[in-house]
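# Descriptive analysis of the structure
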Amino acid sequence: MEKFKTIISTALPLPINDIDTDQIIPARYLKVTTKDGFGKFLFRDWRYDKKDQPITDFVLNRPEYDGKILVAGKNFGCGSSREHAAWAISDYGIKAVVSSFFADIFKENALNNGLLPVQVSESFLEEIFKISASSKPAVLKIDLENQEISLEDTSLSENFEINGYKKECMINGYDDIDYLLSLKKEIEDYENNLSITY
Amino acid sequence: MAKTLFDKVWDKHVVKQIPGGVNVLYIDLHLIHEVTSPQAFAELETRNLPIFRKEKMVATADHNVPTINQHLEIKEELSRFQVEKLGENCKKHDITYYGLGHEYQGIVHVIGPELGLTLPGKTIVCGDSHTSTHGAFGAIAFGIGTSQVAQVMASQCLIQTKPKTMRITVDGKLSKGVLSKDIILHIISTLGVASGTGYFIEYAGSAIQSLSMEGRMTICNMSIEMGARGGMIAPDETTFEYIKGKKFAPNGSDLDDIIKYWKTLTTDNDAVFDKEHHFDAADISPMLTYGTNPGMGVKIDGKIPLAASGENEKSHKKALDYMHLKGGDSLLGKTINHVFIGSCTNSRIEDLREVANYVKGKKKAENVSALIVPGSKQIEQIAKKEGLDTIFKEAGFSLREPGCSACLAMNEDKVPNGEYCVSTSNRNFEGRQGPGSRTILASPLVAAATAIAGKIIDVRNS
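Model, not experiment: these values are computed from the prediction.

### Section: the overall build of chain A
- Across its full length, chain A holds eight helices and seven strands.
- Dimensions along the principal axes, computed over C-alpha positions, put chain A at roughly 65 × 45 × 25 Å.
- When the 198 residues of chain A are sorted by exposure, 56% land in the buried category.
- As presented, chain A carries roughly 8,400 Å² of accessible surface, and 47% of it is formed by carbon and sulfur atoms.

Put into structure tokens, the structure is as follows:
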């Protein structure tokens, strides 16, 4: 897994609540056996019309929104457990997703792929959307080490939560398999001491 | 200390607590299917790792399989490749695989319970969010991503933060025409699609206890539509009776012994939940959804809300635009051309019996195409044995072979662009049943009535 470094980037605003994983990547694109190349299908049905033509006002089709941070409405990533959603976002070149609330499975999938979910307050999120809708796109700085997100050209910043274990993994590029394999002896001991086995 | 049902099962599976608030959780059963497993097998191969406990894995093909002519080669190339890959991977790693044509093949969340693999007190995972279904047996069951599928393959464990607990109590007697699907749609439309995020739910109360295992599975299945990783119901005599005689379930004195343990899997009287909700069964009517998430639901004779409050206003408008519906209107009388009865929510034998009971001697409306997709090969066989296939045929319904089908439209079973479908599945997201499709979620009874009438009717008056 790639190490997560501090990023400063244009925010790609998607001010819609409850964006589900079927919108992030529709099921018809899940019929492959590799993890690569999903970026071109990211938000496929919001990004292209029925004739495969780009929908010009969708954020990913607007040249001024060229960045590495996706900012979405509350409850981002709800629905299916498909990790293809996180793969598609990463493959598109996005390094962090900012929202006021994330669905659980999406959050875990993102973290397992070096994609940082940053949960901010409703008011901070609104501020990003407000600036994005005005003259020029908002620029965000995300500092994982200090767990801080700031809105460039303003004095606004916030701290965000991440559990200590996952933070270490993100910063160092470790994944859960590495850690679990180191526990083999403890897992076998657990199995040997069970009173009820299935 | 007093414990909830969830705590009892969770605590028994903690291998280790890691600083930073996370647990290493042992997994008793790992179900896999063709769509979310290939990249996990590849991950193990890249790292040159073996499967740690292959005997705790069971595979089936369900998500993208055709529902006609399953004995022939799959026509669609990508689907065929994915299904073949699963077969190859299972063969290579010696994992039990119920592929197309096998008597136990079916939707992963349907076959687990009917084979007696799903049991009280187990931890169960699968790379599919509706794994919550298995919680109906008092198991901790939840969906995982593909990286986590690889983790379980490699170590039989997962690294998890312990969720908060929520109890939803439904007391009282259900009214005529109200099924378990209506209970869960009512709950989600009341509490909202993110109300369960961060929680594990226990469903309790007399209305829940009165349900069959099939009904309980429908409720637990849709826990994820509230954002909850899982939902569970304390095992009781109904549970034990269901398990008895199932292929891989304990039997004889083993079963008697383990039932003694299963009987301890209840929430202690003085246990405290992080959140509690109460519902009165008498307030629940047959339900329909009008929007593009499962929380956008109304009573069958209710009106589509005019507007949502504050932050949800934009989503409400976007949903109604997509659905081509108007706030303030009723869905009663709406012409419907497609009916889908199936999915891990409502494709069990009880659902098929419910539909057969309603459509027996009737004929579907001419404008409707009505698809019935059983959850498993075993259910298909029972349906045929009971003569339900004849009833469906005479009513003009198409009874197919098992799979996920039009629930997520990965195979050929799609709802055309702009058309409405009354569906017994679990998600009404934009494009879920095919690009541009408009899904209205409902119970099998409402779906059956819609197919006969060709439009939405109040099933209580029919």
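### Description of the domain arrangement of chain B
All names here are of chain B.
- Each assigned domain of chain B is listed here: domain 1 (1-285) and domain 2 (288-461).
- Just the C-alpha atoms count here: the centres of domain 1 and domain 2 sit 24 Å apart.
- With 48 residues of domain 1 at the interface, the matching set in domain 2 holds 45 residues.
- Roughly 3,700 Å² of surface becomes buried between domain 1 and domain 2 when both sides are summed, with 56% attributable to carbon and sulfur atoms.
- Of all residues in domain 1, the largest losses of buried area upon contact with domain 2 belong to Thr-67, Ile-107 and Lys-181, amounting jointly to 18% of the total for that side.
- At the boundary of domain 1 and domain 2, one finds one salt bridge.
- Between Arg-427 and Glu-225 there is a salt bridge, with its nearest N and O atoms 3.1 Å apart.
- Where domain 1 meets domain 2, there are 24 residue pairs in polar contact (both at pLDDT 80 or more).
- Secondary structure elements with two or more residues in the side of domain 1 that touches domain 2: α3 (77-93), α4 (108-114), α6 (180-191) and α8 (213-221).
- Residue contributions to the side of domain 1 that touches domain 2 peak at six residues, all from α6.

### What about α6(B)?
All names here are of chain B.
- In this model α6 runs 17 Å from its N-terminal to its C-terminal C-alpha over 12 residues, within 8% of the 16 Å that 1.5 Å per residue would give.
- α6 sits mainly inside the fold: nine of its 12 residues count as buried.
- Of all the residues in α6, the buried ones are Ser-180, Lys-181, Asp-182, Ile-183, Ile-184, Leu-185, His-186, Ile-187 and Ile-188.
- Backbone geometry just after α6 places Gly-192 at a positive phi near 100°.

### Focus: the sheet that holds strand β18 (residues 420-423) of chain B
All names here are of chain B.
- Taken together, five strands build an open sheet; the order of strands is β17-β16-β15-β18-β19 and the sheet is parallel. Of all strands in the sheet, those bounded by a partner on one side alone are β17 (398-399) and β19 (438-441).
- The sheet contact formed by strand β15 (residues 338-341) and β18 spans three bridges and is parallel. Residue pairing across strands places Phe-340 opposite Ser-423, the latter belonging to β18.

### Points about the interface of chain B and chain A
- Every contact between the two is made by 75 residues of chain B and, on the other side, 56 residues of chain A.
- Taking both partners together, chain B and chain A bury about 5,500 Å²; carbon and sulfur atoms supply 57% of that area.
- Connecting chain B to chain A are eight salt bridges.
- For B:Arg53, the salt bridge identified is with A:Glu191, shortest N-O distance 2.6 Å.
- The tally of links between chain B and chain A comes to 30 residue pairs in polar contact (both at pLDDT 80 or more).

### Let's talk about the packing of helix α12 (residues 349-359) of chain B against helix α15 (residues 444-453) of chain B
Residue and element names in this part refer to chain B.
- Taken N-terminus to C-terminus, the directions of α12 and α15 make an angle of 35°; their axes are 9 Å apart at the nearest point. At the point where α12 passes α15, the crossing takes the right-handed sense. Where α12 approaches α15, its residues Asp-351, Glu-354, Val-355, Tyr-358 and Val-359 are matched on the opposing element by Pro-444, Leu-445, Ala-448, Ala-449 and Ile-452.
- Split into classes, the residues belonging to the contact of α12 with α15 amount to eight nonpolar, no polar and two charged.

### Regarding the pattern of salt bridges
- Going through the model one piece at a time under the given rule, you end up with 40 salt bridges over all chains.
- Ionic pairing is found between A:Asp178 and B:Arg47, a salt bridge with its closest N-O pair at 3.0 Å. Of this pair, A:Asp178 sits in helix α7 (residues 176-181) while B:Arg47 is found in the loop between α2 (38-46) and β4 (57-60), placing the two residues in two different chains.
- Given a relative accessible area of 39%, A:Asp178 falls into the partly exposed group.
- Its relative accessible area of 26% is what places B:Arg47 among the partly exposed residues.
- For A:Glu186, the salt bridge goes to B:Lys16, with nearest N and O atoms at 3.2 Å. Taken as a pair, A:Glu186 in helix α8 (residues 184-192) and B:Lys16 in strand β1 (residues 14-18) lie in two separate chains rather than in one.
- We classify A:Glu186 as partly exposed; its relative accessible area is 32%.
- Three or more residues joined by partner-sharing salt bridges are found here, namely A:Lys35, A:Asp175, A:Asp178, B:Glu43 and B:Arg47.

### Comments concerning the pairing of strand β2 (residues 69-72) of chain A
Residues and elements named next belong to chain A.
- Side-chain alternation along β2 places Ile-69 and Val-71 on one buried face and Leu-70 and Ala-72 on a second face that is also buried.
- Alignment of strand β1 (residues 7-14) against β2, held across four bridges, turns out to be parallel. Bridging across to β2, Leu-14 finds its partner in Ala-72.
- Here three bridges tie β2 to strand β3 (residues 96-99), and the two strands are oriented parallel to one another. Considered in β3, the bridge of Val-71 is made with Val-98.
- The β-α-β motif built from β2, the intervening helix α3 (residues 84-92) and the parallel element β3 has right-handed crossover chirality.

### Overview of the packing of aromatic side chains
- Applying the stated criterion across every chain, the model contains 16 aromatic pairs over all chains.
- An angle of 35° between the planes, with centres 5.4 Å apart, marks the rings of B:Phe6 and B:Trp10 as tilted. One end of the pair, B:Phe6, and the other, B:Trp10, are both in helix α1 (residues 5-12), four residues apart, so they sit about a helical turn from each other. With respect to burial, B:Phe6 and B:Trp10 carry one shared label: buried.
- Between B:Phe240 and B:Trp262 the ring centres are 6.1 Å apart and the planes differ by 25°, which places this aromatic pair in the stacked class. Of the two residues, B:Phe240 sits in helix α9 (residues 237-243) while B:Trp262 sits in helix α10 (residues 252-262), which places them 22 residues apart along the sequence. For the pair shown, B:Phe240 and B:Trp262 are each scored as buried.
- Ring pairs connect the aromatic residues A:Phe43, A:Trp46 and A:Phe58, which therefore count as one cluster.
- Directly above the aromatic system of B:Phe248 lies the positively charged group of B:Lys247, at a separation of 5.9 Å from the ring centroid.

What counts and how
- Residues numbered from 1 in each chain as written.
- Chains lettered and ligands numbered in written order.
- Predicted model: local features only at pLDDT ≥ 70, side-chain atom pairs only at ≥ 80, totals over all residues.
- Heavy atoms only, no water.
- Helix = DSSP H or I, 4+ residues; strand = E, 2+ residues; numbered from the N terminus.
- Buried < 20%, exposed > 50% of the residue type's maximum accessible area, 1.4 Å probe, protein only.
- Areas by Shrake-Rupley, 256 points an atom, 1.4 Å probe, with all protein chains shown as cover.
- Domains from an automatic or database assignment.
- Contact = heavy atoms within 4.5 Å.
- Buried area = accessible area lost by both parts, 1.4 Å probe.
- Salt bridge = Lys/Arg side-chain N within 4 Å of Asp/Glu carboxyl O.
- Polar contact = N/O pair within 3.5 Å; in protein donor to acceptor, adjacent residues only side chain to side chain.
- Expected span 1.5 Å × (residues − 1).
- Pairing = 2+ DSSP bridges.
- Axes fitted to C-alpha atoms, helices over the stretch in contact; angles between N-to-C directions.
- Left-handed = near helix turned anticlockwise from the far one by under 90°.
- Nonpolar A, V, L, I, M, F, W, Y, C, P; charged D, E, K, R; others polar.
- Right-handed = clockwise from strand over helix to strand, strands pointing away.
- Phe/Tyr/Trp six-rings, centres within 6.5 Å; stacked < 30°, edge-to-face > 60°.
- Lys NZ or Arg CZ within 6 Å of the ring centre and 35° of its normal.

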